[in-house]
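Chain residues, written in single-letter form:
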Amino acid sequence: SRYFDLRYQAFSYRDIRRLMESQEIRLALVVPQDFARIIKSGNTVKVQAILDGTDANTANIVQGYVQGVAGTYNQKILMERLNSRGIVEVKTPVVAQTRFWFNEELESRNFIVPGLIVVIMTMVGALLTALTIVREEERGSLESLLATPLRKTELILGKLGPYFLIGLEDLAIALAMGHYVFEVPLKGSVLLYAILSALFLVVMLGLGMLISILSENQLQAYQMATLITFLPAFLLSGFVFAIPLMPTFLQVASYLVPARYLVTICKGIYLKGVGLEVLWPSALMLVFYAVVFLALAIRKFRHKIG
């Protein structure tokens, strides 16, 4: 099979353990010494497959390939035995042909890299603005800004503008790394992906600004931004753990995590190549969160200064 490479020949379980501990192999086959004799005699022989289960997703994929190879080999041996008994042609009643859509080779990087882009944009967007207002307060320069003719709304939006451009630059770097370094295909519209990612960036910038306004100092703002944005984006967005497999309480809580919607968008555009006709619910939720966070940030800022 082209999915496996023969790297080492081990002579004991200790050798297998050493190779797996050093991550040099993911699969080991234990074949009895009299394997060929038992097969030729028409009996059944046991072959042990030992898999590295530290990465459960990869282990399940490898297990499926092992079972497929074993099934094909068994069918070949059975046909040879039937032919030796004079049965020339035997048709299988049911033939199962499996096809994987959207990620044909089951490459883990094809869904890990888009998810990582979501986590990166979450952290970058929140941390860029989480320290802006509270830093101005600690330095004593906020009063000088308020003395200008700018309205408080204009001040907030002016603070967000440069960080929005920086976030777009980070997004472009992440996309380029995913395409040229990890060779992850983007099957859908790059323009649509950029627009929706920019919308998500506005959500995170607004949330970071709200955290900055509510915080008493920079350390508190940094800790709140990490706790509120990174952990939910990593654990509850569907990037690492499938949402339908979570407990009901966490499934409900995941709707409060904006990263959940961008993960859905990334999977749809990156792997399936779908458009806004399918992704509009997630895009609408991002618009909702962007309006809510920006409105709360402006309102709390006015209240805090007033």
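Predicted model only: the values in this text are computed from it and were never measured.

Engineer: Please clarify how the overall build of the protein should be interpreted in this entry.
Structural biologist: Each helix and strand counted, the protein has twelve helices and two strands in total. The order of helices and strands in the protein, counted from the N terminus, is α-β-α-β-α-α-α-α-α-α-α-α-α-α. Relative to a compact globule of 306 residues, whose C-alpha radius of gyration would be 19 Å, the protein shows 28 Å and is clearly more extended. Considered along the principal axes of its C-alpha atoms, the protein spans approximately 100 × 45 × 40 Å. Within the protein, the proportion of its 306 residues that are buried is 35%. Within the protein, contacts between residues at least 6 apart in sequence are counted, and of these 71% link residues at least 24 apart. In the structure as shown, the protein presents an accessible area of about 19,300 Å², 61% of it carried by carbon and sulfur atoms. On the protein, the mean spot of the 28 positive side-chain charges and the mean spot of the 22 negative ones are 6 Å from each other.

Engineer: Is there a simple way to explain the nonpolar core in this structure?
Structural biologist: Grouped burial of nonpolar side chains is what soluble globular proteins tend to show. Ranked by size, the top nonpolar core spans 56 residues in total, and within it Ile117, Ile156 and Tyr193 carry the most contacts. Mapped by element, the contributors of at least two residues to this core are helix 4 (109-130), helix 7 (152-181), helix 8 (190-214), helix 9 (218-235), helix 11 (258-272) and helix 12 (276-305). No other element matches helix 8, which puts 13 residues into this core. Once residues lying within four places of it in the same chain are set aside, the contact partners of Ile156 are Ile133, Met209, Ile213, Ile298 and Phe301. Counting residues in hydrophobic clusters, the runner-up holds six residues, among them Ile16, Leu19, Ile25 and Ile50.

Engineer: How do you make sense of the environment of Leu186 when you look at a structure like this?
Structural biologist: Mapped onto the fold, Leu186 is located in the loop between helix 7 and helix 8. Separated by 80 residues in the primary sequence, Leu186 and Cys266 place their C-alpha atoms 9.3 Å from one another.

Engineer: Would you mind showing me how to read unusual backbone geometry here?
Structural biologist: In this structure, Phe102 takes a positive phi of about 75° despite not being glycine. Looking at where Phe102 falls in the secondary structure, it is placed in the loop between helix 3 (56-84) and helix 4. Backbone geometry at Glu183 places phi at a positive 55°, although glycine is not the residue there. Along the chain, Glu183 falls in the loop between helix 7 and helix 8.

Engineer: Please explain helix 7 as it appears in this structure.
Structural biologist: Residues spaced three or four apart along an α-helix face the same direction, because each turn holds 3.6 residues. For helix 7, which comprises 30 residues, the first-to-last C-alpha distance of 43 Å matches the rise-based estimate of 44 Å (1.5 Å per residue) to within 8%. Maximum bend of helix 7: about 25°, positioned at Gly161, with proline Pro162 one to four residues after it. Along helix 7, the residues that are buried comprise Leu155, Ile156, Lys159, Leu160, Tyr163, Gly167, Leu171, Ala174, Leu175 and Gly178.

Engineer: Explain the pattern of salt bridges to me, please; I cannot follow it from the model alone.
Structural biologist: Following the criterion strictly, the structure yields three salt bridges and no others. Of the charged contacts in the structure, one is a salt bridge between Glu21 and Arg17, with a shortest N-O distance of 3.0 Å. Pair noted here: Glu21 and Arg17 are both in helix 1 (residues 13-21), with a separation of four residues, about one helical turn. The exposure class assigned to Glu21 is exposed, which follows from its relative accessible area of 57%. Take Arg17: its relative accessible area is 58%, and that puts it in the exposed class. Put simply, Asp34 and Arg37 hold a salt bridge, and the shortest N to O gap is 3.0 Å. Residue classification places Asp34 among the partly exposed positions, given a relative accessible area of 31%. Under the relative-accessibility criterion, Arg37 is labelled exposed at 55%.

Reading guide: rules and limits
- Residues numbered from 1 in each chain as written.
- Predicted model: local features only at pLDDT ≥ 70, side-chain atom pairs only at ≥ 80, totals over all residues.
- Heavy atoms only, no water.
- Helix = DSSP H or I, 4+ residues; strand = E, 2+ residues; numbered from the N terminus.
- Rg over C-alpha atoms; globule rule 2.2 N^0.38 Å.
- Buried < 20%, exposed > 50% of the residue type's maximum accessible area, 1.4 Å probe, protein only.
- Contact = heavy atoms within 4.5 Å.
- Areas by Shrake-Rupley, 256 points an atom, 1.4 Å probe, with all protein chains shown as cover.
- Lys, Arg positive; Asp, Glu negative; His and termini not counted.
- Charge placed at Lys NZ, Arg CZ, Asp CG, Glu CD.
- Core = buried A, V, L, I, M, F, W, Y, C linked by side-chain atoms within 4.5 Å.
- Expected span 1.5 Å × (residues − 1).
- Bend = angle between axes of the 7 residues up to and from the residue.
- Salt bridge = Lys/Arg side-chain N within 4 Å of Asp/Glu carboxyl O.

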